[in-house]
Amino acid sequence: MRRLPPLRALEAFIRVVRLGSARSAATELGLSPSALSRRISNLESFTGRKLFSRSGQTMRLTDEGRAFYDAVAPHLESLAAAVETQSENLQLMRLRLGVMPLFGTQRLFPRLIELRKAHPRLHLDIDTGPHLIDRVGDTLDAAITLTHRPDSSLYSVQLDHNTVHAIASAQLVEEIGENPGIDVLSQQTFLLHTDMVMSFDAWKAALGLEKLQPAAIDHYDSGQIILEAAAQGMGIAMMHDDHLNRINDPRLARIFDKQIESPYSYWFVCRPADLAARPVRIFHDWIVNAGL
């Protein structure tokens, strides 16, 4: 059998890379900074590679360190998963996850069985309430949220890119035409999602309709409900192309067939320190690679 690297040193290395801070990694592992540094040095001696450059108490990952992490990290996750499936003593892992309702119904839940099969001991408590980002680290371990850009103090991964569209009932589109002028649009009610208010201005600017003042603007806090309101002829909804494509509702149609970049994207967010927690890490790695 080949000689194994010092596992505690490997754990220290992985924690530093994932948390982005030697101090945070030392705190998570209950080590002093000097003890953490010794573990990293032991791993560097074992591999013969300089994994970090050091300046005072700051440690920066080198190119060799990045290559080592990319090669080793997936195997460590596989090892942990293998031990997890063979152990009768491990308790259930629980993740408190905040999710936007439309993302949950259209993209997450149709694929969750894959995660359950891969990690049967991981269970999710789902929260679709408001202010998801504000509750990460308090009542939530992590969240999938629609935002312009998450708080820089949080760890975040962008899950998609979107274009924004004006969506209305097919009947309304037929009445006003696919390319209505500002005079026609000014007589309409527009429906805005409370988490996507900048979409309307982005859409108007891209079409040269900055002076558009609609008859009314109604606000909704649910993507599913705003699309149903549009389908019922209640107004013109500003939503993403992905929302329309996935709902596949023949009652709905686009106004203006133009690709307009949305100010908003779906993001996975958690506290940097929580990324080291196994439930958060398992879900993070799955959703980043799932291509939902």
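Up top is the structure.
Every value quoted in this text rests on a predicted model; they were computed, and no experiment measured them.

S.K.: Describe the side chain of His240, naming the residues involved and giving the relevant values.
M.R.: If you trace the backbone, His240 turns up in strand β10 (residues 236-240). Relative accessible area serves as the criterion here: at 0%, His240 is assigned to the buried category. Not counting residues within four places of it along the chain, the set of residues in contact with His240 comprises Leu146, Asn162, Thr163, Val164, Ile167, Met196, Ser262 and Tyr264.

S.K.: Please set out the sheet that holds strand β11 (residues 252-255) residue by residue, giving values where relevant.
M.R.: Read across the open sheet, the five strands follow the order β9-β8-β10-β7-β11; overall the sheet is mixed. This sheet does not close on itself; its edge strands, each paired only once, are β9 (216-220) and β11. Between one strand and the next, the sheet's axes are offset by a mean angle of 40 degrees, whatever the strand orientation. The pairing of strand β7 (residues 164-169) with β10 spans four bridges and is antiparallel.

S.K.: Give me the sheet that holds strand β12 (residues 265-270): which residues, what numbers.
M.R.: The strands making up a sheet associate through backbone hydrogen bonding, with each pair oriented either parallel or antiparallel. Ordered by their spatial adjacency, five strands build an open sheet running β4-β3-β5-β12-β6, and the pairing between neighbours is mixed. The open sheet has two edge strands with one neighbour each: β4 (122-127) and β6 (155-158). Averaged over all neighbouring strand pairs, the angle between strand axes comes to 25 degrees, with direction disregarded. Note that strand β3 (residues 93-99) and β4 share six bridges and pair parallel. Of the residues in β4, the one forming a bridge with Leu95 is Leu124. Each of β3, β5 (142-147) and β12 touches helix α5 (residues 101-108); the most contacted strand, β3, lies at about 115 degrees to it.

S.K.: Please provide a residue-by-residue account of the side chain of Asp241, values included.
M.R.: Relative to the helices and strands, Asp241 is located in helix α12 (residues 241-247). No salt bridge is formed by the buried Asp241, whose closest oppositely charged neighbour, Arg254, lies at an N-O distance of 5.5 Å. When sequence neighbours within four positions are dropped, the list of residues in contact with Asp241 reads Asn162, Thr163, His165 and Arg254.

S.K.: Account for unusual backbone geometry, with residues named and values stated.
M.R.: For Asn248, which is not glycine, the phi torsion reads 50 degrees and is therefore positive. Within the secondary structure, Asn248 sits in the loop between α12 and β11. Residue classification places Asn248 among the exposed residues on the basis of a relative accessible area of 63%. Residue Phe256 is not a glycine yet carries a positive backbone phi of 65 degrees. Topologically, Phe256 is positioned in the loop between β11 and β12.

S.K.: For the pattern of salt bridges, give the residues involved together with the corresponding values.
M.R.: As enumerated under the stated definition, the model contains 15 salt bridges in all. Residues Arg54 and Glu44 are paired through a salt bridge, measuring 3.2 Å at the closest nitrogen-oxygen approach. Placement of Arg54 in strand β1 (residues 52-55) and of Glu44 in helix α3 (residues 33-47) is noted, with a sequence separation of 10 residues between them. Residue Lys204 pairs with Asp201 through a salt bridge whose shortest N-O separation is 3.9 Å. Taken together, the residues Lys204 and Asp201, both in helix α10 (residues 198-206) and three residues apart, mark about one turn of the helix. Taking the relative accessible area as the measure of exposure, Lys204 reaches 8% and is therefore buried. Several salt bridges share partner residues, and in doing so they unite Arg107, Asp160, Asp242 and Arg246 into one network.

S.K.: Describe α5, listing the residues and the values that go with them.
M.R.: Counting buried residues in α5 gives six out of eight residues, a clear majority hidden from the surface. Regarding α5, the residues found buried are Leu102, Phe103, Gly104, Gln106, Arg107 and Leu108.

Thresholds, definitions, all that
Residues numbered from 1 in each chain as written. Predicted model: local features only at pLDDT ≥ 70, side-chain atom pairs only at ≥ 80, totals over all residues. Heavy atoms only, no water. Helix = DSSP H or I, 4+ residues; strand = E, 2+ residues; numbered from the N terminus. Buried < 20%, exposed > 50% of the residue type's maximum accessible area, 1.4 Å probe, protein only. Contact = heavy atoms within 4.5 Å. Pairing = 2+ DSSP bridges. Axes fitted to C-alpha atoms, helices over the stretch in contact; angles between N-to-C directions. Lys, Arg positive; Asp, Glu negative; His and termini not counted. Salt bridge = Lys/Arg side-chain N within 4 Å of Asp/Glu carboxyl O.

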